[in-house]
Amino acid sequence: LLIALLADGHLLVEGAPGLAKTRAIKVLSSAIDSQFHRIQFTPDLLPADITGTEIYRMETGQFEFQKGPLFHNILLADEINRAPAKVQSALLEAMQERQVTLGDQTYPLPSPFLVLATQNPIDQEGTYQLPEAQLDRFLLKVSVSYPSKEEELLIMDRMASTNPTEATRQVVDLASIDASRKILDEIYIDPAVREYIVDLVNATRYPAKIDTALKPLLRAGASPRASINLALSCRAHAFMEGRAFVTPQDVKRLARDVLRHRILLSYEA
C-alpha cells in the first residue's frame with residue numbers, strides 16, 4: 001500500500017473474503033489528510049455512476065457537470081471485477097490519463113489520484129474478468145493469503161467484540177507525500193540493477209532462452225510498463241528502508257507483485 005502511494009501507482013489486492021483487504025485500504029486513507037471515497041462495484045453499475053454526469057439547471061438554463069466519486073484522492077474500488085466492461089473502460093481512462101472525458105469536455109482528476117482495488121478470486125458468479133489492458137495499469141497486484149495461527153489469535157483479541165476500537169489518526173498530508181515522491185526520483189539505480197530488471201521482464205517474453213520447457217507455458221509476457229513499474233517500486237522500497245540506492249534484493253522482493261498480473265499463462269500451465 002505504501003509503495004503504491006509513494007510510486008504514484010494503482011494497487012490491486014486479491015484474496016478470499018474476510019482477509020481485511022478493504023479494512024487495510026480504509027486504514028491507509030484515514031491516516032492521510034485526503035479525500036477518500038469507496039465504490040462498491042456491482043453488475044448494474046453505469047459509467048456515469050463513477051465519473052459523474054451533466055445535470056440541467058433550470059435557474060441558469062445550462063448543463064452543469066456534477067462530479068462523481070472518481071474525483072477523490074484515494075478511491076477504493078471494492079470487488080472491481082463485478083463491474084461490466086463499460087464501467088471498466090471509464091475507470092481505465094481515469095487510471096492512465098488521470099482525467100475524465102464527458103462529451104467534448106475533459107476534467108482533470110485531483111492529485112494525487114490513487115485507485116486501490118480489491119477482488120475476490122473464489123466467487124466467479126456475476127463477475128467480469130478484468131481485461132489485460134486494465135490489469136497492466138496497476139502498479140502492483142498483491143495476493144493476500146490466510147493469516148497464521150498466531151496472527152489470527154491477535155486478530156481475535158482486537159476485533160472479536162461488538163465495538164472494536166479504531167486507533168487510526170491522520171499522520172501525514174498530501175504535501176508530504178508529494179515531497180517524498182520528488183526524493184524518490186533521486187534514488188540511484190545502478191546500471192547492473194537496471195539490466196537485471198530488463199532481463200527479468202525479457203525472460204517473460206522469450207522464456208525459451210531460459211529453458212525450452214517454459215515456452216508452451218507462457219502465452220504473453222510483460223509489457224515495458226513492467227520494467228518501469230518494477231524500477232519505481234524498488235525505488236519506493238529503498239526509500240522506505242532509508243537507502244539512497246536500489247539493491248538486487250529490492251528487485252527480488254517486488255518482482256512477483258509487479259509481474260503476476262502482466263503474464264498470461266497457457267492452458268497447460
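Everything below is about the structure printed above this text.
Caption draft 1: Region of the structure containing the overall build of the protein chain. A count of helical and extended segments in the protein chain gives 10 helices and 13 strands. On C-alpha atoms alone, the protein chain measures out to a radius of gyration of 20 Å, which is about the 18 Å that the 2.2 N^0.38 rule sets for 269 residues. With respect to the principal axes defined by its C-alpha atoms, the protein chain has extents near 70 × 50 × 45 Å. Sorting the 269 residues of the protein chain into buried and exposed places 40% on the buried side. At a minimum sequence separation of 6, the contacts of the protein chain that also span at least 24 residues come to 76%. Here the protein chain has roughly 15,300 Å² of accessible surface; of this, 54% comes from carbon and sulfur atoms. In the protein chain, the 29 positive side-chain charges and the 34 negative ones have mean positions that sit 4 Å from each other.

Caption draft 2: The side chain of Asp136, seen in detail. Counting through the fold element by element, Asp136 comes out in the loop between α5 (132–135) and β10 (138–143). In this structure Asp136 comes out as buried when scored by relative accessible area, which is 11%. For Asp136, the residues in contact, after removing those within four places along its chain, are Ser223, Arg225, Asn229 and Arg262.

Caption draft 3: Just the packing of aromatic side chains, in detail. What the rule picks out here adds up to 3 aromatic pairs. Note on Phe65 and Phe71: the rings are 5.8 Å apart at their centroids and 70 degrees apart in plane angle, and the pair reads as edge-to-face. Taking the ring centre of Tyr206 as reference, the NZ or CZ of Lys209 above it sits at 4.9 Å. For the cation-ring pair, Arg243 lies above Phe245, with the distance from its terminal atom to the ring centre recorded as 5.8 Å.

Caption draft 4: Representation of the nonpolar core within the structure. Leu116, Leu230 and Val246 are the most contacted members of the largest nonpolar core, which totals 31 residues. The next biggest cluster of nonpolar side chains, apart from the first, holds 26 residues, and it includes Leu12, Ala77, Met95 and Phe138.

Caption draft 5: Up close: the pattern of salt bridges. For the coordinates displayed, the defined rule picks out 12 salt bridges. The partner of Arg38 in a salt bridge is Asp78, and the shortest N-O contact between them spans 2.6 Å. Of this pair, Arg38 sits in strand β3 (residues 36–40) while Asp78 is found in strand β6 (residues 74–78), placing the two residues 40 residues apart along the sequence. Accessibility expressed as a relative area gives 37% for Arg38, which makes it partly exposed. A relative accessible area of 5% places Asp78 in the buried class.

Caption draft 6: Broad picture of the packing of helix α9 (residues 224–240) against helix α10 (residues 248–259). Two elements in contact, α9 and α10, have axes whose closest approach is 9 Å; the angle formed by their N-to-C orientations is 130 degrees. Taken together, the axis directions place α9 and α10 in an arrangement best described as oblique. In the crossing of α9 with α10, the sense of the turn from one axis to the other is right-handed. Note on element contacts: α10 touches α9 through Asp250, Val251, Arg253, Leu254, Ala255, Val258 and Leu259, opposite Ala226, Asn229, Leu230, Ser233, Cys234, His237 and Ala238. Residue composition of the contact of α9 with α10, grouped by class: 9 nonpolar, 3 polar and 2 charged.

Calculation rules
Residues numbered from 1 in each chain as written. Predicted model: local features only at pLDDT ≥ 70, side-chain atom pairs only at ≥ 80, totals over all residues. Heavy atoms only, no water. Helix = DSSP H or I, 4+ residues; strand = E, 2+ residues; numbered from the N terminus. Rg over C-alpha atoms; globule rule 2.2 N^0.38 Å. Buried < 20%, exposed > 50% of the residue type's maximum accessible area, 1.4 Å probe, protein only. Contact = heavy atoms within 4.5 Å. Areas by Shrake-Rupley, 256 points an atom, 1.4 Å probe, with all protein chains shown as cover. Lys, Arg positive; Asp, Glu negative; His and termini not counted. Charge placed at Lys NZ, Arg CZ, Asp CG, Glu CD. Phe/Tyr/Trp six-rings, centres within 6.5 Å; stacked < 30°, edge-to-face > 60°. Lys NZ or Arg CZ within 6 Å of the ring centre and 35° of its normal. Core = buried A, V, L, I, M, F, W, Y, C linked by side-chain atoms within 4.5 Å. Salt bridge = Lys/Arg side-chain N within 4 Å of Asp/Glu carboxyl O. Axes fitted to C-alpha atoms, helices over the stretch in contact; angles between N-to-C directions. Parallel < 35°, antiparallel > 145°, perpendicular 65-115°, else oblique. Left-handed = near helix turned anticlockwise from the far one by under 90°. Nonpolar A, V, L, I, M, F, W, Y, C, P; charged D, E, K, R; others polar.

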